[in-house]
Amino acid sequence: MADKVTVLDIRTERPEVGETLLEVENLSVVFDTDAGVVKAVSDASLTLAAGETLAIIGESGSGKSVTAQAIMGIVPTPPGKVTATSISYRGQNLEHLSESDRRRVRGQEISMIFQDPLTSLNPVYSVGFQIGEMFRVHRGLSRKEAKERAIELMEFVRIPEARRRVGDFPHQFSGGMRQRVMIAMALALNPTILIADEPTTALDVTVQAQIMELLADLQKQNNMGLILITHDLGVVASVSDRIQLMYAGRIMEKGKADDFYASPAHPYAHGLMNSVPRLIGVDERLVPITGAPPSLVNVPSGCPFHPRCPHAVDRCRDEVAHLRRIEGFPGEVACHRAEEIRD
Amino acid sequence: MSDVDFRDGHAESGDRDYSTEHDIGTEEAYATVEAAVEGEVEGLERAASLWGDAWIQLRRRVVFWIAVGLITLFTVMAIVPQVFVSPSPATHDPTDCRLRDDAGEFQDRLRPSREHWFGTDVQGCDYYARVIYGARVSIIIGLGVTILAGILGVLLGGISGFYGGAVDQTISRFVDILFAMPFLVIAILFLNAIATPGSRNLGHVLLVLGVFGWPTLSRIFRASVIQARGQDYVEAARALGASNGRILVRHVVPNAIAPTIVYATIAIGGVIAAEATLSFLGVGLQLPAISWGLMINTAQTRILTDPHLLFFPGVALSLTVLGFLLLGDVVRDALDPRLR
Amino acid sequence: MFRYILRRILLIIPTFIGASIIIFFAGFLLPGDPVSAFGGERELPENLRRTLEERYHFDEPVWKQYGFYMQGLVTDFDLGESVLRRRSVNSIFADAFPNTARLAILAVAIEILIGIVAGILAALRKDKFIDQLVLVTTTLVVSIPVFVLGFTAQTMLGVQLDWFPVAGLNEGAYSYILPAFVLAALSLAYIARLTRTSLVETLRADYIKTAQAKGLRSTRVVGRHGLRNALIPVVTFIGIDFAFLMGGAIVTETVFSIPGVGFQLVRAIGQRDNAIVVGFTLAAVIIFLVISLLIDLLYAALDPRIRYE
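Worth saying up front: this structure is predicted, and the values here are computed from it rather than measured.

Novice: Can you lay out the packing of helix α12 (residues 308-335) of chain B against helix α7 (residues 146-160) of chain C for me, pointing to particular residues and giving the numbers?
Specialist: The contact between α12(B) and α7(C) brings their axes to 10 Å, and the two run at 140°. Pair α12(B) / α7(C) crosses with left-handed handedness. Taken together, the residues of α7(C) that come into contact with α12(B) (itself represented by L310(B), G314(B) and L317(B)) are F147(C), V148(C), F151(C), T152(C) and T155(C).

Right, here's the structure in full:
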């Protein structure tokens, strides 16, 4: 398998399958804004192992993107403030690193791709420059060498006619090709973790599948840990190993993907499942979740989902529900009434 | 405050799918009608809420009240200058100038004193009174020119942006022509062409500055009209069969006018400075008119020895310009929080 | 690209023709008879008057005069002749222009240096002291009309502190410094604000997040990825400003008695020397059109998204 990835920079000893790469404990992110303090992420924890795909699912404003940015260390501070018991990468607490060491982790060890490849690529530089920049900045390659590496990477992510197109600008590519450029850039230095923030949301449906396939493929080839962030339950169903469901900055449910899709435990997860149309399945009525997602300035007390929850009782309003294991459910769920509801 | 963008997904854009399709069944047709009726209301409501939100923002800002204070001060000064000079009318009439007093002492270019707060000018006129009476010209020119240029700019820019095509090409080329010529030089040229120096008055200055002052306003309004024209609620109104005129008046103008109003407010200050500059160069208003620019022109050769002749009209002029500038700035910020 | 350039050049022609018609006819309407002015106090002999009128086509209708003028301008770049000064407008312009050009170049250099730096500092320290300082200073500078600023600078820095020459060009390059600052002040303030706004907007762009995620130094993120984009509108503004300044700085040259294009223009208007007024104004328009064409091309080169068709 190793000879397949010669395009990628072979530098770090690759982690063994199953080695824990990332451990985030009790992460909270708040933003100080004119409108008040925005609690974007509250008390979220996650782990990621090599070769594993973790899906973080949630609606707009559930805190999933901010979680990713906190792991990357690119939350704008101020107005943001990141606190965590630890954010550790292969046993090393990232928060204790100097800014220059942290920068070395970014892009080389953990890299990230974003939702809209058109706005995420710099419009005034050629794609070759932007991919090559990784080699020039982190590896000190010359402009010419960097360009050659960029072409190889573009071929690697299956962009046709890479050599001819290396000098083209982002706006000259289609949406799918642009996302491939982003992926090439993110994979340039062969990171051990790739965070993909809504990688297919801005793309056509037909292209979405190709990109997901490419990501899954690349992940297998070099044993990366992959964090997939999405609001779309469908996109991640087939590729993810584990899922974490977020709502109003909190993790509501975590567990194996198969278990989650087979029988979700949290009322919010139920609601989500029922509001998604299934392609196969006859005459099912879609049931939207009532109410609107909460404002992060005024997160509801207790369990943030209680105003929209059909099962809510007084306790849900008064007391935050923490993730816990319950009888007969393989994952963890943050719901006071999880047992009763499952029955 | 939009530093932080929490939109993770493209979740909610459900309400924009109606308007443009044509081969549709009854149900969809109802949807189209509803959307259009909503659009009708929306066009005006959007504009109203834009200004409503802006007002809430404005009320809280000190700068806004400073601007309002300055503008009010100079406007009152322009309308009833007597109020400001009333304490001792005998010595504070701007046209009652005397080179010598009864005792035969020279009264020109006196330094500021208790009797003459701002001193006297080369003719021995009370400088305080002249500065106060000078506000009138500036305010009339500032507002008059901006209204004239605003009407021309909105009219031509609106037609240009809304109809496009050959009309747009013609108007845009004409704007290019006016834009390529140095504004001050053209104003001087035409002021000299339409009136001999002796007969030049406020009307001439107002006309020339207004007639040549509209291109920027027209460009700004044209751009906003083109943007507003493509909005969903305009499309919806069009699908309902609203006439061009109705669409323009009810939907496009209310939503496109904001940037033009902001620019026009700032431009008032610019116009006031332009009149003062022309008068200073001796090609604007002529004596016995009272204008701050003209006062500085008259004092020109004495400024190095008697700086108060520059200082007082200069400060009055700058504060007036500042008032409109601050107002425009703060209104723009309130309308577009992204710029803050 | 080639077709874009061609189209841009072709667009200049109608603009120039339109501007030249307006300027020429306004000049024609100006009061004053150049032939009588030639004689000064004395009445001119009839035959001399006739010769002069024929030589300068003053006996022809105005549209024919315009035709002759444009013919001369296009074939020989001839801006006409000042009967009053008995010199060609070209040679008067050639004397005045270098002074204007030096002033303009120095002013633009000041604008770039101080304006852009102030704008960048304000953007990077948004809402902090330096940002507030830049905002307040620029607002004050913009509200002071140039001639007031000029006289104030002249009185305070020239006369009272005696740091700079008060007026004229007797002290060589040093004479230009104070006028250049006065001339630069207004645009400098705009540039500082434009740079600030543009950079603040740019730093919120998605590709800035990407650049950070790539592990680039913050200097590279701001410099390479932020400024490269943020400065595009600033460069355009500076270019247009330069195009105007090269046409003559009427107020500044008048206040500081610098015998440049603007100074001569004001003098010519006072003397009713219409040939100079028309010739200089047209020259300013030509300079403006040519420089703004170059700026357009530069803009297209800076922003690859511009489509050339």
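Novice: If you had to explain the packing of aromatic side chains to someone new, which residues and values would you point to?
Specialist: In this structure the tally under the stated criterion is 24 aromatic pairs over all chains. For the pair Y190(C) and F237(C), a centre-to-centre distance of 6.1 Å together with 55° between the ring planes defines the contact as tilted. With Y190(C) in helix α8 (residues 177-203) and F237(C) in helix α10 (residues 218-245), this residue pair connects regions lying 47 residues apart in the sequence. Looking at Y190(C), the relative accessible area reads 38%, which means it is partly exposed. An aromatic cluster is present here, built from F24(C), F25(C), Y66(C) and Y69(C) joined pairwise through their rings. Its end group placed over the ring of F173(A), R165(A) keeps NZ or CZ at 4.1 Å from the ring centre. Between R228(C) and the ring centre of Y125(A), over which it is positioned, the NZ or CZ distance is 5.8 Å.

Novice: How would you summarise helix α10 (residues 244-280) of chain B if you had to cite specific residues and measurements?
Specialist: Residue and element names in this part refer to chain B. For α10, built from 37 residues, the straight-helix expectation of 54 Å at 1.5 Å per residue is missed by more than 12%, its first-to-last C-alpha distance being only 47 Å. Its axis deflected by about 50° at V253, α10 carries its strongest bend there, up to four residues before the proline P254. By the criterion of burial, α10 is predominantly enclosed, with 27 of the 37 residues buried. Within two residues after α10, G282 carries a phi angle of roughly 85°, on the positive side.

Novice: Outline the interface of chain B and chain C, supporting the account with residue identities and numerical values.
Specialist: Put simply, an interface is often sized by how much accessible area is lost when its parts join up. Counting residues at the interface gives 45 residues for chain B, matched by 48 residues for chain C. Interface area, chain B with chain C, both sides summed: about 3,800 Å², of which 77% is carbon and sulfur. Three residues stand out in chain B for area buried against chain C, namely A180(B), L189(B) and L304(B), and they jointly supply 15% of the buried area on that side. Our count for the chain B to chain C interface comes out at one salt bridge. The partner of D329(B) in a salt bridge is R193(C), and the shortest N-O contact between them spans 2.6 Å. Remark: the boundary between chain B and chain C carries one residue pair in polar contact (both at pLDDT 80 or more).

Novice: Account for the pairing of strand β2 (residues 36-49) of chain A, naming residues and giving values.
Specialist: Residue and element names in this part refer to chain A. Pairing between strand β1 (residues 20-33) and β2: 10 bridges, direction antiparallel. Bridge assignment links D32 to a residue of β2, and that residue is V37. Connecting β1 to the next strand, β2, in antiparallel fashion are two residues.

Novice: Give a description of the sheet that holds strand β11 (residues 250-256) of chain A that names residues and reports values.
Specialist: Residues and elements named next belong to chain A. With respect to topology, eight strands assemble into an open sheet ordered β7-β8-β9-β3-β10-β11-β13-β12, the strand pairing being mixed. In this open sheet, the two edge strands, each paired with only one partner strand, are β7 (110-113) and β12 (324-325). In terms of strand pairing, β11 meets strand β13 (residues 332-333) through two bridges, oriented antiparallel. Across the sheet, K254 pairs through a bridge with E332, a residue of β13. Most of the contacts of helix α7 (residues 175-187) go to β7, to which it runs at about 170°, and overall it touches β7 and β8 (193-197).

Novice: Tell me about the packing of helix α6 (residues 183-194) of chain B against helix α1 (residues 2-29) of chain C, residues and numbers included.
Specialist: At a minimum axis separation of 8 Å, α6(B) and α1(C) run at an interaxial angle of 35°. Crossing geometry of α6(B) relative to α1(C) is assigned as left-handed. Contacts between α6(B) and α1(C) involve I186(B), L189(B), F190(B) and A193(B) from the first element and I22(C), I23(C), A26(C) and L29(C) from the second.

Quick notes on the rules
- Residues numbered from 1 in each chain as written.
- Chains lettered and ligands numbered in written order.
- Predicted model: local features only at pLDDT ≥ 70, side-chain atom pairs only at ≥ 80, totals over all residues.
- Heavy atoms only, no water.
- Axes fitted to C-alpha atoms, helices over the stretch in contact; angles between N-to-C directions.
- Helix = DSSP H or I, 4+ residues; strand = E, 2+ residues; numbered from the N terminus.
- Left-handed = near helix turned anticlockwise from the far one by under 90°.
- Contact = heavy atoms within 4.5 Å.
- Phe/Tyr/Trp six-rings, centres within 6.5 Å; stacked < 30°, edge-to-face > 60°.
- Buried < 20%, exposed > 50% of the residue type's maximum accessible area, 1.4 Å probe, protein only.
- Lys NZ or Arg CZ within 6 Å of the ring centre and 35° of its normal.
- Expected span 1.5 Å × (residues − 1).
- Bend = angle between axes of the 7 residues up to and from the residue.
- Buried area = accessible area lost by both parts, 1.4 Å probe.
- Salt bridge = Lys/Arg side-chain N within 4 Å of Asp/Glu carboxyl O.
- Polar contact = N/O pair within 3.5 Å; in protein donor to acceptor, adjacent residues only side chain to side chain.
- Pairing = 2+ DSSP bridges.

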